[in-house]
Amino acid sequence: MFPIISPKQLKELSPENLIILDVRTGKDSYQNYLNKHLKEARFVDLDKDLAEIVEDAAYGGRHPLSKIQKFSETVSYLGISEDSHVIIYDDKNGANAAARAWWMLKSFNLENVQVLDGGIQAAEKEGLEFSSGKETFEKSEIIIKEHWFLPVSSLEDVENELINESTTVIDVRDSYRYKGESEPIDLVAGHIPGAINIPFSENLDKNGNFLKPEFLKEKYSKLLENKPEKLIIHCGSGVTACHTILALAYAGFEIPNLYVGSWSEWSRREGKEIAKVI
C-alpha cells in the first residue's frame, strides 16, 4: 500500500474499517474542524495527541514524541484497531501534522495508514462529502506496544554520526531558515553544522500534490549521490521532517531516522555549534 492516497481513491473506498483523521493545526484548528470536516473524520490535536510537550525544549524540542503508553490510549480513543484503514489529512499538503500522525501510527506498527494528497483543499475540489459538529464513535481495545518501531536519532546520535561522517543529515526547513537569514519560530537562526538542506516543499508539485514516486526516487537519488547511505531527517520540531520521510517512503526508499528534537532542541542546547550560510 502506498503511503499517499488521492481524494479520488478515497472517494472510491469502502467505509469498512475506514477511519479518517483531521489533524489541522493552529489556534482555531478545533473550531475549524467543528465548522467543516470530512464526513466522520475524527479530530487529532498535534500538541496533545501527537506530542508530549516539555517545559524545556532544550531536552526534546518543541514536539517530543508521546510516551508509547500515552499514544496507545490515543489510538484506542480514536477507535483505531490493528485492521483499521487510517486516512489522515491536514490543510498544509500533508506537510504538518498529517505526516507526523502517519509516522507515529506506522511507528506504532500499524500497516494500513495513508496521507491524503493535497489535504482538505483537494478533498473539497474532488467533491468528497463534508459534515460539521462533533462526530460520535466507539473506542477500540487498547493495543499494547513496548516501543516505537521506526528508527529515531537523539541529539547525541546526530552529533556523533556527523563527526564520524557516517550519516547524511537532512534539514527540511525553508532555505532562509537553514541559511540563518531569519528564524520565525525558534530562538536562534542557523543550522546544524554538516547538515544539508532539502526543503520539504520540494517534495510537492506546483499544485501542492506530492511528486510522483518515480520523480521523487530520481530526485533524491541524485541529491544523495556519493553521500553516506544512512539518513537522519530533521526540521524545526520533528513534525515537517515527517513529510520528507513520507516522501522517501512513497519513493520506495527505506524509512530513514527521525531526529525528533530537531533544530528546536539543538539550537537551545548549551554549547552546540550553530552554522550559517553567509
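Residues numbered from 1 in each chain as written. Predicted model: local features only at pLDDT ≥ 70, side-chain atom pairs only at ≥ 80, totals over all residues. Heavy atoms only, no water.

- As named in an unreviewed UniProt entry, the protein is Sulfurtransferase, taken from Chryseobacterium piscium.

### Side note on the packing of aromatic side chains
Part 1: Throughout the structure, instances matching the rule amount to 9 aromatic pairs.
Part 2: Here the aromatic rings of Phe71 and Phe108 are separated by 5.5 Å at their centres, their planes lie at 80 degrees, and the arrangement is edge-to-face. Of this pair, Phe71 sits in helix H4 (residues 68-77) while Phe108 sits in the loop between helix H5 (97-107) and strand S6 (113-116), and the two are 37 residues apart along the sequence. Each member of the pair, Phe71 as well as Phe108, is classed as buried.
Part 3: Each ring, one from Phe71 and one from Trp148, has its centre 5.5 Å from the other, and the planes form 45 degrees; the classification is tilted. With Phe71 in helix H4 and Trp148 in the loop between strand S7 (130-131) and strand S8 (152-153), this residue pair connects regions lying 77 residues apart in the sequence. (Phe/Tyr/Trp six-rings, centres within 6.5 Å; stacked < 30°, edge-to-face > 60°. Helix = DSSP H or I, 4+ residues; strand = E, 2+ residues; numbered from the N terminus. Buried < 20%, exposed > 50% of the residue type's maximum accessible area, 1.4 Å probe, protein only.)

### Here we look at the sheet that holds strand S5 (residues 85-89)
Part 1: Taking strand neighbours across the sheet as the criterion, the 5 strands line up as S1-S6-S5-S2-S4 in an open arrangement whose pairing is parallel. Looking at strand neighbours, the two that pair on one side only are strand S1 (4-5) and strand S4 (42-43), the edges of this open sheet. (Pairing = 2+ DSSP bridges.)

### Section: the nonpolar core
Part 1: Within the largest apolar cluster, 55 residues are counted, with the highest numbers of intra-cluster contacts made by Leu21, Ile80, Ile88, Trp103 and Leu105.
Part 2: Secondary-structure elements contributing two or more residues to this core are strand S2 (18-22), H4, S5, H5, S6, helix H9 (213-223), strand S11 (231-234) and helix H10 (241-250).
Part 3: Tallying contributions element by element places H5 first for this core, with 8 residues.
Part 4: Shared between two domains, this core takes at least three residues from each, and those domains are domain 1 (4-131) and domain 2 (152-267).
Part 5: Each residue touching Leu21, except ones within four places of it in the same chain, is listed here: Arg42, Val44, Leu78, Ile80, Val86, Ile87, Ile88, Tyr89 and Leu105.
Part 6: The next biggest cluster of nonpolar side chains, apart from the first, holds 16 residues, and it includes Tyr33, Leu34, Ile120 and Phe130. (Core = buried A, V, L, I, M, F, W, Y, C linked by side-chain atoms within 4.5 Å. Domains from an automatic or database assignment. Contact = heavy atoms within 4.5 Å.)

### Quick look at the environment of Cys235
Part 1: Within the element layout of this structure, Cys235 appears in the loop between S11 and H10.
Part 2: For Cys235, a relative accessible area of 1% gives the class buried.
Part 3: Residues Cys235 and Tyr178, 57 residues apart in the sequence, show an inter-C-alpha distance of 9.5 Å.
Part 4: Excluding residues that lie within four positions of it along the chain, Cys235 makes contacts with Val172, Arg173, Thr240, Ala241, Ser262 and Trp263.

### Overview of the domain arrangement of the protein
Part 1: Domain parsing of the protein yields domain 1 (4-131) and domain 2 (152-267).
Part 2: The straight-line distance from the C-alpha centre of domain 1 to that of domain 2 is 21 Å.
Part 3: Facing the 23 residues of domain 1 at the interface are 26 residues of domain 2.
Part 4: Both faces considered, domain 1 and domain 2 share a buried interface measuring about 1,900 Å² in area, 65% of it formed by carbon and sulfur atoms. (Buried area = accessible area lost by both parts, 1.4 Å probe.)

### Some details on the sheet that holds S11
Part 1: The strand order S8-S12-S11-S9-S10 describes an open sheet built from 5 strands, whose pairing is parallel. Two strands bound the open sheet, and with one partner strand each, they are S8 and strand S10 (196-197).
Part 2: One ladder, built from 2 bridges, connects strand S9 (residues 168-171) with S10; its direction is parallel. Counted as the bridge partner of Asp171 is Asn197 from S10.

### A word on the pattern of salt bridges
Part 1: Following the criterion strictly, the structure yields 18 salt bridges and no others.
Part 2: Taking the shortest distance from any N to any O, the salt bridge between Lys219 and Glu202 comes out at 3.0 Å. Here Glu202 lies in the loop between S10 and H9 and Lys219 lies in helix H9, a separation of 17 residues in the sequence.
Part 3: One salt-bridge network, held together by shared partners, links Arg62, Asp171, Arg173, Arg177, Glu183, Asp186 and Arg268. (Salt bridge = Lys/Arg side-chain N within 4 Å of Asp/Glu carboxyl O.)

### Points about the side chain of His85
Part 1: Looking at the secondary structure, you find His85 in strand S5.
Part 2: Of note is the side chain of His85, whose polar atom sits 2.7 Å from the side chain of Gln114.
Part 3: With near-sequence residues (within four places) excluded, His85 lies in contact with Met1, Leu13, Asn17, Leu18, Ile19, Asn112 and Gln114. (Polar contact = N/O pair within 3.5 Å; in protein donor to acceptor, adjacent residues only side chain to side chain.)

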